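These are the residues of each chain, in order.
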Amino acid sequence: MSDEKPPQLVDYFVVAGLTDASRPLEEESQQHRPARPSEPITDVAVIIRSQGEEVPHGFTCIETTTSGHPIDLNAGLLNNPQMFICYKRGRDKPPLIELGVHYEGKDRPKPGYKILDTTPYSRSANLNSGGPGHQRTFLTYRRAAEPHGHNTLGVTDICLIMPSKGESTPHTFCRVDKNLNTSMWGPALFLCYKIAMAKANTLVYEAGLLGRYPEQDSESFPLPESVPVFCLPMGATIESWPADTKYPLPVFSTFVLTGASGDKVYGAAIQFHEAFPRERLSEKQSLRLGLLSVVDRRPVAGRSLQTRKSICVLSHWPFFDVFRKFLMFIYRYSISGPHVLPLETHISHFMHNVPFPSPQRPRILVQMSPYDNLLLCRPVSSPLPLSGASFLTLLQNLGPDNAVALLVAVLTEQKLLIHSLRPDVLTSVGEALVAMIFPLRWQCPYIPLCPLALADVLCAPVPFIVGIHSSYFDLFEPPRDVIFVDLDTNTIFQSEERKLLSPRSLPRRPCKVLLASLHSLSQQLDEMYSGPGEEASLELLLSDAEAARGRRAQLELEARAAFLRFMACTLRGYRSFLRPIAPASAPAGRDAGSLFALQGFLKSRERAYHRFYGQLLRTQLFTQFIEDCSFASDRDPCLEFFDTCVDKVQAELEKPEDTPLMELDDPRGGEHTVFITPPEQPAGPDGAELPARYRYDGFPTLRPELLEPPRDPLVAQLCQARSSAPSSPAPRRTKQEMKVAQRVAQKYSSVPDMWAKCLLGHCYGLWFLYLPTHIRAAPAKLRALQLAYEVLRKMEAQKVVLPDEVCYRILMQLCGQYGEPVLSVRVLLEMKRAGIVPNTITYGYYNKAVLESKWPAGTQGGRLRWAKLRNVVLGAAQFRQPLRQRERQAAAAAAAAAAPQGGRTPLAPRPSLQRQTTWAGRSLRDVPLAPRLVKSGSLSFPGGTRGEGGRGGPEEPLTIRPPPLPAALDPLPPRLRGPPGSADGSLSDISFATDESDRADEGPVGTGGPAGGTPRRGLAAKLQQLLSPGKRPPLRPAASTELPVGPRDTAEAACPRRGSEQRDGELLPRRSPAETLLRPRERPESTASESSVSLGSELDLSDTSVGSAGIPKSSEPLADGATGQEPPTVEVLLSSCSRCQGCSALVYDEEVMAGWTSDDSNLNTTCPFCGRSFVPFLSIEIQDFQLPPSAAEDGFLPPPATQGPVLSDRRRCLALDEAEPELCNGCLDTVVPRRSERVAFAYLSPLVLRKELESLVENEGGEFLAQPELVDSHPIIYWNLVWYFQRLGLPSNLPRLLLGSQHVAPAPQAQPPDSLSVRVRLLWDVLAPEPDSCPPLYVLWRLHSNVPTRLRSWRAHGHPFSLAFLEAVLSHVGLSEVHKAIALFLETLAAPGGPRHLQRSIYREILFLTLAALGRDHMDIAAFDKKYKSAYNKLAGSLGKEELRRRRAQPPSSKAIDCRKSFGATLEC
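Residues numbered from 1 in each chain as written. Predicted model: local features only at pLDDT ≥ 70, side-chain atom pairs only at ≥ 80, totals over all residues. Heavy atoms only, no water.

Novice: Just checking my understanding: could you explain the overall build of the chain for this structure?
Specialist: Within the chain, the regular secondary structure consists of 40 helices and 34 strands. Counting only residues that meet the buried cut, the chain has 52% of its 1469 residues in that class. Excluding contacts between residues fewer than 6 apart, the proportion of contacts in the chain whose partners are at least 24 apart in sequence is 78%. Element-wise, carbon and sulfur atoms account for 53% of the exposed surface of the chain, whose accessible area totals about 67,100 Å². (Helix = DSSP H or I, 4+ residues; strand = E, 2+ residues; numbered from the N terminus. Buried < 20%, exposed > 50% of the residue type's maximum accessible area, 1.4 Å probe, protein only. Contact = heavy atoms within 4.5 Å. Areas by Shrake-Rupley, 256 points an atom, 1.4 Å probe, with all protein chains shown as cover.)

What follows is the structure in structure tokens.
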């Protein structure tokens, strides 16, 4: 398991307040702003001066507007009653908290409002009293409820504005949008008022740290020094209150701290007041607080002294509701009591013993006390970045139109200052502003709750998003170039210097859809929060609370999806304008202009929106977005999700798509809830409860000795929210890729040929998941990477359905990891050639590999210089060629003259073998041959023709060839490498021809003849060998980088021929077709030398039996297999043939594949005969050939088996070789295994196996795949991987892990590890027959032909199938009369004494018999399938399809046939 610690719920607990080192905050600011009002407005009145009414005592009359224009509410009336509005301040009653205007007859009175219908002199207060036809208008107000605290919000100022005079609503004022002058004459007048905290006798200081827990900083996250000022953003205050003033309720606030790397830390705090001792005040402070009289400095009675404190928790998770409940519990605990347990116990208990919710335990119920609990739920699983945003709070406070206006402001990087009197709202709205522009990321200063101590950031010459308490404007003069957003009044104030773009500059259709969606959501919010009437019962309210939370979560998701759709439409098609990084790019390679075609993208947009797009492209938002898309980063999964959204949206529509972009993942969907009990109360010596002795006058100073350590060690096991990261992020599929792969599988499950390719694509995905582990263990990294690249090319050539880009992504990441940028460019070109557009993650790894890897210096110039040097050498050789030919002719004439008359010319003695001394494979004493000059501009050489005797003529080109390497050093089989010339003309496709001496030297290595030579290698490897001596492969076998040999190679290795037995030019007699058909074919004597046997021969890729990737099917890599005369250490036999539990029929590999479903959690397949579902199994037989330690030390060798040939018996070896061991169980082991074991495990679909493998790599790490513990701890995954990798011929070190498992005895200590080998054989048929089952026909054919079989238990069974019957079936098949063969088979089964039911179908019996008799090289399985299907249709007319199905005579389904074609029919039976 990874050592990564599970996430911690809370990192720090902080207490902030006034310290001795706190500095005052208000003294310097008093000169910028006039003193704020010390008392709120408690009353309003209307007076009529024309009636002789005067301003009441203590009231203030409003006689002018904000700009000094005189006010007359009825200036347009003839009688002009001269009415004015007055207000009064004080603290004798609750303050007014809201004002309004009431139109009588039109408006219904609002609950809680009082209509001001009379003046203080008992006259009508109708503001339009000019006559009976005018609208009666009255002022209304709402007063704060009793009892009110000292710092209750209230109306602190009132003014009137006249828009016709150019006046606008003052900043931070609320405007009542009802005209006070409703007459036909006179200017319009509007009432404005300001809500604030009217504080008197208050001193403000910068907050400091009073306490913290833990005391020591964490290594990963030290406590920031600025946390106290964020806990008390308006400062730590000392306030003087009247003695009878009640304490206000605690105020909850949240804030966000952003680290240098962009990581966010969330803070939740509550602010409260507690008593402050007068003894700590100086005389100056007492005078300012009104505690001393100004004249005689006497104490003022009836005053109390309070200070403001805060407690806070810091976390990396925005669980604001949970933290609010916890902090409120801690605060109430501190003001109540006495208690048995100290306060510190509850703090340490919550921090240490409350685990983070995990997918297995998504809910944590914490019982803090008998009356207090909280529920902690796992965060919603979303591909979007974690955020504390609330889009619904944004809509509730600003509305849809202002929200879109702010979207424009954020996208164009304006200076935004959001302010409110509610600090908890600021963080939610600020987080929503930076989240609505996803996938863009805000790069400028961002402080959603800015303290007064940091208010200087508002003067910064850069864009910013800052949230601040509205009382800031009572202390400071705001900057002029800032856009103000007042959340309390739902208004946006723009200065003349900083005008926003109009929302009309946005793309019309996406903006229209966005506005419609936001208006709909806003309307639903109003309906949801209108609430039931007062008659609703408490039970109804409680039952609706859960539904309301779920409804709010759904609306929150829809709001976020609306903004996401707008951004996807706005940036649609951006990926086509990304520019790949050029090789060895300059330091300016990260510039947006070099990474993105800015002008091309701008021209692709409509001309009407160029102004908006022009500003967007110049922002830091877009520049960083392009860098994130171009380079690998931690945002790759988010950007990949955005790419899928871009593919889903249709910008031309004027309504949202039917498919939602985001789906709600309910975090409470799990069944398990962890219950955390409250801290245990200690008991006395006799078991009695201890007395309650902890009581606090204020929030105490934390005492370290009372903070308890974690009490439950199992809590760490519960904290598993973040699963341990794998060794590399590239193999991990994103959730979107998993969903797309699931949809692709569902789509192709009903299409036979595409289903087979889909399964094949997932199989290759399994190998690429294993590729990092494989390359990590490979001694030649570059060769292993080239092998993976060749696998990709063959996959594309065969059009394998790849459900995702993980294969390309892993290879690109490995190219960057091992410094191969050229190969990463080739992989990108292959992606584009295959029509695959790389997503953000893949593209990022490509650019990282290209930018950070070291490029070969002067590659192009080096090629040209080598070509020039080559032409010089070839030219000199051309001039010397006629001279050498003349010398040879003269020597031949002299030799002819010296020969005796009438006799034969004596043969020249064969030269003795000489040591290879040149890199071209010749001796230095060899005579160089005449080459041909090749054009310097040519990138490939034409192949020359071979002359008589293997000697080249004058027209044959000279070939330069790297030294022949051992097979273990060459990871590419001859037929896996591409042709000598390639259409794309890339550097890697240049090939060098070879001369005659090279071919002559290669003769023993190849298979003999011109077609048997090793194909030419690509230039990339040659250049690396020639120009980079340090990168040459080591001269030792590398088992991890070579391809496995084919089954035929395994047979040749088991029965080798000596080189002395080879006869040049020896021809074997041909047999007649009937003789070949009716008896086992005897293979012609091999013309391969001993070296060819040791190296193995490859299968022809043109054969239809080869898999879709064109890689020879394997038994095991040569280094792990038994080569020469040495048997393997361990041999493993694998078979996927499974028996259906319903009908007892054998279901073979391709039929199992055809029966799998697209569900990646379903282990069942469907029986093709009875239609029932069952779980298929992989049957494994492990044969251990290791000698006992004593026998190995004494040199003892076990005797050969009594049956079967020995290695010296050439004829019997040839007979066994001719028996097609890749088809039949006929090759007897020449060495009896010392230990044999059979096991069986579930045979998993590639879809299921990939999901399980990804989970294993994610939990255990990629290194676990290279450990022997994999075999014993995860056997199902291990054996399925071995099966698929061997089936497709993909190299791996998995078989060698078996040597360290419990299935194999430990090797003697004296035996070197390199001498141990494992050979894997894949069988088509069952490993062991059923006791009462009838032998299959192909086994009977071998028994009748006296060919040994692997399973001797077949011999004792009585059966009705004679040799004449087998020959008759084969004769019908050979004459294309398959229907007669089927009919004969059915008659034999129906005869008395015949078996009732066969485990194998008739199709399978005839197919295996034909393959055993003819051999695969002489049989076309596809043609046989067509003939069998035609014969089945012919018999169905007479016998009926149901009868044929009942007797298991039906052909395989098209799905099964396509699976066999895709995976290849190269299994042994």
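Novice: Quick question: what am I supposed to make of helix 30 (residues 1246-1260) here?
Specialist: Along an α-helix, a turn takes 3.6 residues, which lines up residues three or four apart on a common side. Helix length check: helix 30 (15 residues) gives 20 Å between terminal C-alpha atoms against 21 Å at 1.5 Å per residue, within 8%. Within the sequence span of helix 30, burial applies to Pro-1246, Leu-1247, Val-1248, Leu-1249, Arg-1250, Leu-1253, Glu-1254, Leu-1256 and Val-1257. Residues of helix 30 that are buried make contact with helix 15 (735-748), helix 16 (752-777), helix 18 (806-817), helix 31 (1269-1273) and helix 32 (1275-1288). Gly-1261, located one to two residues past helix 30, shows a positive phi value of around 95°. (Expected span 1.5 Å × (residues − 1).)

Novice: I'm lost on the sheet that holds strand 21 (residues 464-469) in this one. Help?
Specialist: Across the sheet, five strands lie side by side as 20-21-19-22-23; this open sheet has mixed pairing. Two strands lie at the open edges of the sheet, namely strand 20 (446-447) and strand 23 (491-493), each paired on one side alone. Where strand 22 (residues 483-486) lies against strand 23, three bridges are found, and the strand directions are antiparallel. Its bridge partner being in strand 23, Phe-484 is matched across the sheet by Phe-493. Strand contacts of helix 6 (residues 423-435): strand 19 (415-420), strand 20 and strand 21, with the helix running at about 150° to strand 19, the strand carrying the most contacts. (Pairing = 2+ DSSP bridges. Axes fitted to C-alpha atoms, helices over the stretch in contact; angles between N-to-C directions.)

Novice: What am I meant to see in helix 35 (residues 1363-1374) here?
Specialist: In this model helix 35 runs 16 Å from its N-terminal to its C-terminal C-alpha over twelve residues, within 8% of the 16 Å that 1.5 Å per residue would give. Along helix 35, the residues that are buried comprise Phe-1365, Leu-1366, Val-1369, Leu-1370, His-1372 and Val-1373. Burial along helix 35 is one-sided: seen end-on, the buried residues are contained in an arc of 160°. Where helix 35 terminates, the next one or two residues include Ser-1376, which has phi positive at roughly 60°. (Arc of directions from axis to C-beta.)

Novice: Any chance you could explain the pattern of salt bridges here in plain terms?
Specialist: Oppositely charged side chains can pair when the atoms bearing their charge come close. Enumeration over the complete set of coordinates arrives at 35 salt bridges. Between Asp-1160 and Lys-1251 there is a salt bridge; the shortest N-O distance is 3.9 Å. Here Asp-1160 is found in the loop between helix 27 (1149-1155) and strand 30 (1165-1166), whereas its partner Lys-1251 is found in helix 30, with 91 residues between them in sequence. You can call Asp-1160 partly exposed: its relative accessible area is 22%. Connected via shared salt-bridge partners are Glu-1150, Glu-1151, Arg-1404, Asp-1425 and Arg-1460. (Salt bridge = Lys/Arg side-chain N within 4 Å of Asp/Glu carboxyl O.)

Novice: Looking at this structure, I do not really get the environment of Ser-470. What am I missing?
Specialist: Relative to the helices and strands, Ser-470 resides in the loop between strand 21 and strand 22. On the basis of relative accessibility, which here comes to 9%, the residue Ser-470 falls in the buried class. The sequence separation of Ser-470 and Met-234 amounts to 236 residues, and the corresponding C-alpha distance is 10.0 Å. With near-sequence residues (within four places) excluded, Ser-470 lies in contact with His-419, Ser-420, Leu-421 and Asp-488.

Novice: Looking at this structure, I do not really get unusual backbone geometry. What am I missing?
Specialist: Between Tyr-213 and Pro-214 the backbone carries a cis peptide bond, its omega angle lying at 0°. If you trace the backbone, Pro-214 turns up in the loop between strand 12 (208-213) and helix 1 (227-231). Cis geometry is adopted by the peptide bond preceding Pro-439, which originates at Phe-438 and carries an omega value of 15°. Mapped onto the elements, Pro-439 comes out in the loop between helix 6 and strand 20. Within the chain, Lys-799 stands out as a residue other than glycine whose phi angle is a positive 55°. The exposed category is assigned to Lys-799, whose relative accessible area is 61%. In this structure, Ser-1376 takes a positive phi of about 60° despite not being glycine. Mapped onto the elements, Ser-1376 comes out in the loop between helix 35 and helix 36 (1378-1390).

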